[in-house]
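# Overview (structure and organization)
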Amino acid sequence: MSTSRTSMHGEWSGRFAFILAATGSAVGLGNIWKFPYITGENGGGAFVLIYLICIACIGIPIMMAEVMLGRRGRQSPINAMRDLAEEADASKYWKYLGWSGVIAGLLILSYYSVIAGWALAYVFRTASGVFTDVTGDGARSLFGQFIADPEKLLAWHTLFMVITMTVVARGVKGGLEKAVRFLMPTLLVILIILLGYAMNLGEFSRGAEFLFNPDFSKISAAGVLTAMGHAFFTLSLGMGAIMVYGSYLPRKVSIAKTSIIIALMDTLVALVAGLIIFPIVFANGLEPGSGPGLIFQTLPIAFGHMPGGTFFGTLFFILLVFAAWTSSISLIEPAVAWLVENRGHTRIYASVVMGVVTWMLGLLTVLSFNLWSDFKPLSSISIFENSTMFDLLDYLTANIMLPIGGLLIAVFVGWIMKREITMAELDIHNPIHKGYRVWQILVKYVAPVAVVIVFLKATGIFDIATVFKAIFG
Ligand code: PHE
């Protein structure tokens, strides 16, 4: 049918621009802030191994599926799913997959922006030299005082939302593409400099061992779900961000190759972040499992003691803000694209509306760290006993909404979309092409089954940890 659809929002200037933008979406707080702290909380190597398996067997095939849906549909995820379902004679309810993505994106951005605000604040704090010679207790108490102040958190969250929405309002070429072209390469350079520093610390090998030496006694079913959820989160899958970026992808670009490149870059950044952070953690006798504050409580100690620490520390937090910024843009793009398409609003108006909604939702996270830190609305359920509003938002989005979104994307592309269409989008002319067959097996069977099993296990119905332990000892 309409392979000639074009996007009303414009197109990337080419393959390189798409790779930059999608990598910009994928690489973010997930890699640098979240990956280290959840790895620390879940005991290191075994968690990392499960996460890597999820990236390879679930993440990459679903990323290809999601880019494909976007490029075929050429619209915001809601409208793309509506039209693609019609094209495949499937239920019109598929458009709710687009809706759940839009909602997940706003929910994620609401807390993401608050954490990005911390990073923004830490750029200035580090630059001011407050961390020079700081002790462990000092860094912890500075962080503690900071998050205890709702007004400060609100101010930085507000500033970050304004920066994000400014780029979003300018549109695909004017805003997104220009921003990522400059941001992504800068980020890589800064990471390499920091890795050089970490490699010269006495504890580099201990950090590497923590990351790469799996000990399956340290991982629980909940940990497996967290690892899988994080594979979706870190690749920006399951909520339409990659779909909407795919909708701006020119026809001739290879979906398989670009998806693999993006996933590799994202994984590389996460592992490098781990290799930077854990040696610093161990060299300073810090605690790997200290939660969302990990990088904010530990890195300043390192920066406070290393030569040129003020400079490198400032650089590090600038990097974190850049990475968060390019991800935030993609979190809200599905909602903005939809408002423009269906309500005929300008991009500027749509950006302001969605930005304000997200900003308000962000108050829940701002308050979770101070005034409402004792408000644990689901504490009667044992796994949520200690969960604040922030923890619940994180769990709901990363561990539930994204995997379910990804599962449905895999089912739609694997079982509902016509084979000729998936073959055409992947530029495959022979149905027994090896790569195509492998991809089909992964999207039709492996990814959906894996998501379901991990869910069942995390809710206690099926014991996958025993299986892992049996295989890997
Ligand atoms: N992938 C981003 C990160 O790792 C977060 C994100 C999730 C962005 C979902 C878009 C969609 O920080």
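Look up: the structure comes first, before these words.
Okay, so let's go over this structure.

Thresholds applied
Residues numbered from 1 in each chain as written. Predicted model: local features only at pLDDT ≥ 70, side-chain atom pairs only at ≥ 80, totals over all residues. Heavy atoms only, no water. Helix = DSSP H or I, 4+ residues; strand = E, 2+ residues; numbered from the N terminus. Rg over C-alpha atoms; globule rule 2.2 N^0.38 Å. Buried < 20%, exposed > 50% of the residue type's maximum accessible area, 1.4 Å probe, protein only. Contact = heavy atoms within 4.5 Å. Areas by Shrake-Rupley, 256 points an atom, 1.4 Å probe, with all protein chains shown as cover. Axes fitted to C-alpha atoms, helices over the stretch in contact; angles between N-to-C directions. Parallel < 35°, antiparallel > 145°, perpendicular 65-115°, else oblique. Left-handed = near helix turned anticlockwise from the far one by under 90°. Nonpolar A, V, L, I, M, F, W, Y, C, P; charged D, E, K, R; others polar. Phe/Tyr/Trp six-rings, centres within 6.5 Å; stacked < 30°, edge-to-face > 60°. Lys NZ or Arg CZ within 6 Å of the ring centre and 35° of its normal. Expected span 1.5 Å × (residues − 1). Core = buried A, V, L, I, M, F, W, Y, C linked by side-chain atoms within 4.5 Å. Near = heavy atom within 4 Å. Polar contact = N/O pair within 3.5 Å; in protein donor to acceptor, adjacent residues only side chain to side chain. Salt bridge = Lys/Arg side-chain N within 4 Å of Asp/Glu carboxyl O. Disulfide = S-S within 2.5 Å.

## Brief notes about the overall build of the protein
For the protein, the count of helices and strands is 19 helices and zero strands. In terms of overall dimensions, the protein is globule-like: its C-alpha atoms have a radius of gyration of 21 Å, near the 23 Å expected for 473 residues. Taken over 473 residues, the protein has a buried fraction of 61%. Of all intrachain contacts in the protein linking residues separated by at least 6 positions in sequence, the fraction that spans at least 24 positions is 81%. Total accessible area on the protein stands at roughly 17,900 Å², and carbon and sulfur atoms take up 66% of it.

## Side note on the packing of helix α5 (residues 95-128) against helix α14 (residues 309-343)
Running from amino to carboxyl end, α5 crosses α14 at an angle of 160°, the nearest separation of the two axes being 8 Å. One finds that α5 runs roughly antiparallel with respect to α14. Note on packing geometry: the crossing formed by α5 with α14 is left-handed. Its residues assigned to classes, the contact of α5 with α14 shows 22 nonpolar, eight polar and no charged.

## Focus on the packing of aromatic side chains
The description of two aromatic rings rests on the distance between their centres and on the angle between their planes. Counting across every chain of the model gives 34 aromatic pairs. Their ring planes at 45° and their centres at 5.2 Å tell us that F369 and F390 sit as a pair that is tilted. Within this pair, whereas F369 is found in the loop between α15 (347-368) and α16 (389-416), its partner F390 is found in helix α16, the two being separated by 21 residues in sequence. Centre to centre, the rings of F384 and Y395 are 5.0 Å apart; their planes meet at 85°, and the pair counts as edge-to-face. Taken as a pair, F384 in the loop between α15 and α16 and Y395 in helix α16 lie far apart in primary sequence, eleven residues in all. Lying across the ring of F233, K34 places its NZ or CZ 4.3 Å from the centre. Taking the ring centre of Y93 as reference, the NZ or CZ of K92 above it sits at 5.1 Å.

## Digging into α15
In an α-helix, one full turn covers 3.6 residues, which means residues spaced three or four apart are oriented alike. The end-to-end C-alpha distance of α15 is 32 Å, a good match for the 32 Å that 22 residues give at a rise of 1.5 Å each. Among all positions in α15, only R347, A350, S351, M354, G355, T358, G362, T365, V366, L367 and S368 are buried. Along its buried surface, α15 packs onto α5, α7 (150-169), α14 and α16.

## Some remarks on the nonpolar core
The nonpolar side chains of soluble globular proteins are, as a tendency, buried together. In terms of nonpolar packing, the biggest core is built from 172 residues, with L69, W118, F296, F316, L320 and W439 touching the most fellow members. With 19 residues, the single largest contributor to this core is α14.

## Describing the environment of V336
Structurally, V336 can be placed in helix α14. V336 sits 260 residues away from S76 along the chain, and the two C-alpha atoms are 8.4 Å apart. Setting aside residues up to four positions removed in sequence, V336 forms contacts with V168, R347, A350, S351 and M354.

## Remarks on the side chain of T388
Within the element layout of this structure, T388 appears in the loop between α15 and α16. Owing to a relative accessible area of 9%, T388 belongs among the buried residues under this scheme. Setting aside chain neighbours within four positions, we find T388 in contact with S368, S373, F375 and K376.

## As for the side chain of S351
Checked against the element boundaries, S351 lands in helix α15. Residue S351 is classed as buried on the basis of its relative accessible area of 1%. Leaving out residues up to four positions away in the same chain, S351 has contacts with M165, V168, A169 and V336.

## Focus on the site of the ligand
Taken together, the neighbourhood of the ligand is formed by 15 residues, with A26, G30, Y112, F233 and S236 sitting nearest. In this structure, A26 approaches the ligand through a main-chain N or O atom, which is 2.9 Å from an oxygen atom. Across the complex, the protein chains shield 100% of the 320 Å² of accessible surface that the ligand would expose by itself. For the shell around the ligand, the secondary structure elements donating two or more residues are α1 (15-26), α2 (29-41), α10 (221-234) and α14. When grouped by side-chain class, the residues that make up the shell around the ligand number seven nonpolar, eight polar and no charged.

## Let's talk about the pattern of salt bridges
Considering all chains together, one arrives at ten salt bridges under this definition. Taking the shortest distance from any N to any O, the salt bridge between E203 and R206 comes out at 3.9 Å. For E203, a relative accessible area of 26% translates into the label partly exposed. The exposure class assigned to R206 is partly exposed, which follows from its relative accessible area of 44%. Through salt bridges that share partners, R71, R72, E87, R251 and E425 make up one connected network.

## Overview of unusual backbone geometry
Phi at R74 takes a positive value of approximately 55°, unusual for a residue other than glycine. Structurally, R74 can be placed in the loop between α3 (45-73) and α4 (77-87). For D427, which is not a glycine, the phi torsion comes out positive at approximately 60°.

## Things to note about the state of the cysteines
If you walk through the whole model with that rule in mind, you get zero disulfides. As a non-bridged cysteine, C54 has C57 as the owner of its nearest cysteine sulfur, 8.0 Å distant.

## Observations concerning the environment of H230
Along the polypeptide, H230 turns up in helix α10. For H230, a relative accessible area of 1% corresponds to the buried category. Spatially, the C-alpha atom of H230 lies 25 Å from that of R71, the residues being 159 residues apart in sequence. If sequence neighbours within four positions are ignored, H230 has contacts with G30, K34, F35, I38 and Y51.

Function cannot be inferred from these measures alone, as they are strictly geometric.
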